[in-house]
Each structure stands twice: as C-alpha cells, then as structure tokens.
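Each chain is listed here by its residues.
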Amino acid sequence: MNDDVRNIVLGVVAAGISAGLGWIARTYLWKRKLRRRQAFFGLPENSETLLVVNRDPATSEPAVHRFDVFALLELAALIKDCGANLQVVTQDSVRQGFGERTEFCVGGPGSNRRMLAHMSAMLPGIRVNVDPEPGPDRGAFQIGSERHRMEPGVTEYVLLARLTAGERREARPVFLFCGQRAITNQAATRYLARNHERLARKHGNNSFVLLLKVVNSEAYGPDVVELVADVTRAAQAPLPAPEPSPTRASHRAS
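Residues numbered from 1 in each chain as written. Predicted model: local features only at pLDDT ≥ 70, side-chain atom pairs only at ≥ 80, totals over all residues. Heavy atoms only, no water.

### Quick notes on the overall build of the chain
Next up, step 1: Per the secondary structure count, the chain includes seven helices and 10 strands.
Next up, step 2: The buried share among the 254 residues of the chain stands at 41%.
Next up, step 3: Taking the intrachain contacts of the chain between residues at least 6 apart in sequence as the baseline, contacts between residues at least 24 apart amount to 66%.
Next up, step 4: Total accessible area on the chain stands at roughly 14,400 Å², and carbon and sulfur atoms take up 54% of it. (Helix = DSSP H or I, 4+ residues; strand = E, 2+ residues; numbered from the N terminus. Buried < 20%, exposed > 50% of the residue type's maximum accessible area, 1.4 Å probe, protein only. Contact = heavy atoms within 4.5 Å. Areas by Shrake-Rupley, 256 points an atom, 1.4 Å probe, with all protein chains shown as cover.)

### Things to note about the sheet that holds strand β5 (residues 141–143)
Next up, step 1: If you walk across this open sheet you meet the three strands as β4-β5-β6, and the pairing is antiparallel. Two strands bound the open sheet, and with one partner strand each, they are β4 (126–128) and β6 (146–148). The average angle at which neighbouring strand axes cross in this sheet is 15 degrees, direction not considered.
Next up, step 2: Where β4 lies against β5, three bridges are found, and the strand directions are antiparallel. Residue pairing in the sheet places I126 in a bridge with I143 of β5. (Pairing = 2+ DSSP bridges. Axes fitted to C-alpha atoms, helices over the stretch in contact; angles between N-to-C directions.)

### Structural notes on the sheet that holds strand β8 (residues 174–179)
Next up, step 1: With respect to topology, seven strands assemble into an open sheet ordered β2-β1-β3-β8-β7-β9-β10, the strand pairing being mixed. Every interior strand has two partners, whereas the edge strands, β2 (85–90) and β10 (225–230), have only one. Direction aside, the axes of adjacent strands within the sheet are offset by 20 degrees on average.
Next up, step 2: Examined bridge by bridge, strand β7 (residues 155–163) and strand β9 (residues 208–215) share eight bridges and lie antiparallel to one another. Residue L159 lies in a different strand from β9, and its bridge partner there is L211.
Next up, step 3: Together, β3 (102–106), β7, β8, β9 and β10 form the strand contacts of helix α4 (residues 182–203), whose direction differs from that of β7 by roughly 45 degrees.

### Thoughts on the side chain of T184
Next up, step 1: Topologically, T184 is positioned in helix α4.
Next up, step 2: Reaching out from T184, the side chain makes a polar contact with the backbone oxygen of R181 at a distance of 2.5 Å.
Next up, step 3: When neighbours within four sequence positions are excluded, T184 is seen to be in contact with E156, Y157, V158, G179 and V214. (Polar contact = N/O pair within 3.5 Å; in protein donor to acceptor, adjacent residues only side chain to side chain.)

### A closer look at a positive patch on the surface
Next up, step 1: Where like charges cluster on the molecular surface, the positive patch consists of K31, R32, R35, R36, R198, R201 and K202.
Next up, step 2: For the positive patch, the secondary-structure elements that each account for two or more residues are α1 (3–41) and α4.
Next up, step 3: Its location among the elements puts R201 in helix α4. (Patch = residues over 30% accessible without salt bridge, like charges linked within 9 Å, V, L, I, M, F, W, Y side chains within 5 Å. Salt bridge = Lys/Arg side-chain N within 4 Å of Asp/Glu carboxyl O. Lys, Arg positive; Asp, Glu negative; His and termini not counted. Charge placed at Lys NZ, Arg CZ, Asp CG, Glu CD.)

### Here's the deal with the packing of aromatic side chains
Next up, step 1: Throughout the structure, instances matching the rule amount to seven aromatic pairs.
Next up, step 2: Ring geometry for F41 against F175: centres 5.5 Å apart, planes inclined by 45 degrees, an arrangement best described as tilted. With F41 in helix α1 and F175 in strand β8, the pair connects residues that are 134 residues apart, well separated along the chain.
Next up, step 3: A relative accessible area of 1% means that F41 is categorised as buried.
Next up, step 4: Among the aromatic side chains, those forming a connected cluster through ring pairs are F40, F41, F104, F175 and F208.
Next up, step 5: Directly above the aromatic system of F67 lies the positively charged group of R66, at a separation of 4.3 Å from the ring centroid. (Phe/Tyr/Trp six-rings, centres within 6.5 Å; stacked < 30°, edge-to-face > 60°. Lys NZ or Arg CZ within 6 Å of the ring centre and 35° of its normal.)

### A closer look at the pattern of salt bridges
Next up, step 1: Under the counting rule described, the total for this entry stands at nine salt bridges.
Next up, step 2: Between R147 and D137 there is a salt bridge, with the nearest N and O atoms lying 3.2 Å from each other. Of this pair, R147 sits in strand β6 while D137 sits in the loop between β4 and β5, and the two are 10 residues apart along the sequence.
Next up, step 3: Its relative accessible area of 21% is what places D137 among the partly exposed residues.
Next up, step 4: R194 serves as the salt-bridge partner of D223, at 3.5 Å between the closest nitrogen and oxygen. You can see D223 sitting in the loop between α5 (217–220) and β10 and its partner R194 sitting in helix α4, a full 29 residues away along the chain.
Next up, step 5: By relative accessible area, which is 56% here, R194 ends up exposed.

### Considering the side chain of S111
Next up, step 1: Of note, S111 is situated in the loop between β3 and α3 (113–122).
Next up, step 2: Judged by relative accessible area, which is 8%, S111 ranks as buried.
Next up, step 3: Only 3.0 Å separates the side chain of S111 from the side chain of N54, close enough to count as a polar contact.

### Digging into the nonpolar core
Next up, step 1: Membership of the largest hydrophobic core comes to 27 residues, with the highest contact counts inside it found for F41, F104, L160, F177, L192, L199 and L212.
Next up, step 2: Elements represented by at least two residues in this core include exactly α1, β1 (48–53), α2 (66–81), β3, β7, β8, α4 and β9.
Next up, step 3: Listed in part, the 23 residues of the second largest apolar core include L50, A161, C178 and L211. (Core = buried A, V, L, I, M, F, W, Y, C linked by side-chain atoms within 4.5 Å.)

Next up, the structure:
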C-alpha cells in the first residue's frame, strides 16, 4: 500500500470516527434534554396522563370552546414529545385524587369543577369572580391583596401553575391553565410550550404559580403574553377573612 492510498484510508477512517463521535454526542444531548423535559412534566416513557377539559359556559349543551380545543392540541404535542400516553376526560367525570398521574387541567373554576377543586385545595390565596352577571369585576382574579380585572380583547390574565401534592418525590404534578377567557387558556399552554426549558431551569421540579397577561388578544390572538409576576407564595397563603361590615360591627357593639 503506497502513501497516497494509506492517506486516503486514514482520512476515511478519521471522518468515520468523527461522524460517529458527533452522532453519539448529539444522541446523548438529545436524551439528556428529553429526560429533563420528562422530569419537569412528570412524564416518563409510556406513562399515563390526563387532559381535563372544561365546558364552554356560553352554551347550554356540553361543548368545548374552540380556543380550549387549540390549547388541548398544544398540550397533546408536548405529551407525545415526552413519549407518554394521554387520556382526555371532561371536567365532571374525573373521580380520582392527584399525584398518581400527571394532569393538565384547562379552564377557570366557573367552567371546570376539577379546576375549582384544585384551587380550593392547593391555592387558597386565589379567588376568581365567577359571577355571570356583567360588571367590572367579572372574571377578576383576587391574589392576596391584589385584584386583576380584565378588559376583554385588550388586557386579560391567566394563571399558569405547576403543583405537586405533598413531599413525595414520585408524586406527579398537576398543571393548571386558569384564564379569564378561553383564548387566555390557549395563551398559557403556548407560553408553557415555548418556555418550559427556562421554567425547568428556574423552578426545577418544584411548584410554582405564574400570573400572565395576554396583550391585545383581539389583534394578536394568544401570541403576545407577558409574565406579570411569580405569585406562588401569595397563592398558597390563605386569604385573610373579610372584615365585618360596619352595620354588623355596630350591632354587636350596641
């Protein structure tokens, strides 16, 4: 074998080794990224998860708003990327606790009983005005001492939460998407899809509650979302009891 042939063979071998090492490195990084995603969502390979859908409050028949359907599709893509299986259930048909399977719950407490149960149990510091009558406080969020009113189509709010039950390391999380309107639910799922890696780096596998603002949904749909605040501490602390009205106080004093 002359020098030219030897150099060609060595070059081919070196290129093959480099390609193989590159493939191994990319595969390792991809698997590590997948494991981190699976840990954040609580979705190991072939695990089971629940997608809990609400009902459209604008209809008398059981129905799901089209923006909530879009939200479910975005969540389904995240679940499939983790290699997990999903089951779609309605808000009034779930009869189980939390922590055994990862759960994604979509819709405010006025249209989703499951959301109401989760917020009552795990987020005592939040109240949502579910009064159907028109008014400035309709759909407003009360978080601690702060109140967040919506201006439909201009400024609207949605809560994005990752919650775990107790201190069990193996407990699966519950993700809540609690918006003032259906389009804000989709905005929150899209925000999670775009930012889950950053959220995982910041919060790890711990609980968090974020207040998001959807800007000008009339023009931009669910795409323009701003982080208002991390309200985890306020959301998990019970709200103070309302002060007695002056009438009652004066009556007791007399």
